[in-house]
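Structure at a glance
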Amino acid sequence: KINDKLLAGKIIKENKVIEEEPDFSIGFPNANTSEEEIKKLSGLYKSEDNEGESYYFRGAVENNYVKFGKGKTINNQEEDDLIWRIVRINGDGSIRLVSQESVGQSRYNYSNSNNNNNIKAAGYTYDNERACTKDNPCTKEEGTPSIIKSYLEDWYQSNLSRHDTKIATSYFCNDTSMYENGTSDYNFGTPRRLYNNQPSLRCPNPAEEDGSLQLYGGVYKLKIGLLSADELNMAGLAWTWSDSTTIDTNYLYFNEHYSWTLSPWFFRVNEHQAYIIILNLGVLNNYTGSDDQTSYVHPVINLKPDVKVTGEGTKENPYQVIEN
């Protein structure tokens, strides 16, 4: 039975699950999408993640706003209400949120000059004590953190730690699985799925080499992280530039050049550089993750399944978490 006093229950009750198979090959909505299609195909969809059945928002969604916590953002250095967008209900019933505004800019990982094995720069952590797997995900204390991970956790401590009891420890996917592409470069798993129009909420284990799993990246259970490129593509953001590129009515269109995701693209051997998938004005593209380049940061948290809210989820009357 749906408990519509809980946030997850309200989402299910107030949104009909769309059964039509999405077209992940183009952005949605895009320049060629009719108003009728936007209305019909924007909303809640269903897929599987590592923990079960997940419900995710896609398209021009206008009823997934959440007001939760107070903190600083890039446009407001005074402490103010934080506005989030609901990305999905996770398979365990927790609710994934992404910050509507960037909280600043950061590098992704260390500079090339600091390490000779820069493929590790694809990792959210690296030099891990063990492999971060689906069955045994890594936690906050394991491995050397990337620059972006430290940035996010510092922001969490300064802005959200007082609300810690409402925030779940949930899965984040830094997919460092690999596939062969016929060159000397290393290609990671996410772009292969997106090229084939098959994004997934299921996170694979990191790459296996010489009979053992790599000790960078993989699957994590944390309080804060970033969206994967799969999640962004499923929400309707385009994978390549085209005449039908995502337009600004998609709820995750941030109108920014270069926002980090958690998904590596490839490691270019002759440059000793790892490339990360970024969000660039509604399109997923690649950006060097292992030098001094910076991108915008949109934190992702997960509210616990038992969170109660008031409000309607609209911009004017967002869901508001009941703290007591």
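Structural notes, computed from the coordinates. Note that the structure is a prediction, hence the values are computed from the model and not measured. (Residues numbered from 1 in each chain as written. Predicted model: local features only at pLDDT ≥ 70, side-chain atom pairs only at ≥ 80, totals over all residues. Heavy atoms only, no water.)

1. Digging into the state of the cysteines
Here the structure, examined in full by the defined rule, presents two disulfides. Each bonded cysteine of the protein chain is numbered by sequence order, and under that numbering the disulfide pairs are 1-2, 3-4. (Disulfide = S-S within 2.5 Å.)

2. Notes on the nonpolar core
Residues Phe68, Trp84, Ile86, Leu160, Leu252 and Trp260 are the most contacted members of the largest nonpolar core, which totals 63 residues. With near-sequence residues (within four places) excluded, leucine 160 lies in contact with Phe68, Leu82, Trp84, Trp155, Ile167 and Ile301. Membership of the second largest hydrophobic core comes to nine residues, among which are Ile119, Ala121, Ala122 and Phe267. (Core = buried A, V, L, I, M, F, W, Y, C linked by side-chain atoms within 4.5 Å. Buried < 20%, exposed > 50% of the residue type's maximum accessible area, 1.4 Å probe, protein only. Contact = heavy atoms within 4.5 Å.)

3. With respect to the pattern of salt bridges
According to the stated counting rule, one finds 17 salt bridges in the structure shown. Across the pair arginine 88 and aspartate 49 runs a salt bridge, and its minimum N-O distance is 3.0 Å. Here the residue arginine 88 occupies a position in strand β4 (residues 76-89), and aspartate 49 occupies one in strand β1 (residues 43-49), the gap between them amounting to 39 residues. Judged by its relative accessible area of 6%, arginine 88 falls in the buried class. Here arginine 193 and aspartate 230 are joined by a salt bridge, their closest N and O atoms 2.9 Å apart. (Salt bridge = Lys/Arg side-chain N within 4 Å of Asp/Glu carboxyl O. Helix = DSSP H or I, 4+ residues; strand = E, 2+ residues; numbered from the N terminus.)

4. Focus on the packing of aromatic side chains
Within the structure shown, the criterion is met by twelve aromatic pairs. Plain terms: the ring middles of tyrosine 124 and tyrosine 220 are 5.6 Å apart, the flat faces sit at 80° to each other, and that makes the pair edge-to-face. With tyrosine 124 in the loop between β6 (105-107) and β7 (125-126) and tyrosine 220 in strand β14 (residues 218-222), the pair connects residues that are 96 residues apart, well separated along the chain. One exposure class covers both tyrosine 124 and tyrosine 220, and it is buried. Ring geometry for tryptophan 265 versus phenylalanine 266: centroids 6.0 Å apart, planes at 90°, classification edge-to-face. A single burial state applies to tryptophan 265 and to phenylalanine 266, both of which are buried. Taken together, the ring pairs connect Tyr195, Trp239, Trp265, Phe266 and Tyr275 into an aromatic cluster. (Phe/Tyr/Trp six-rings, centres within 6.5 Å; stacked < 30°, edge-to-face > 60°.)

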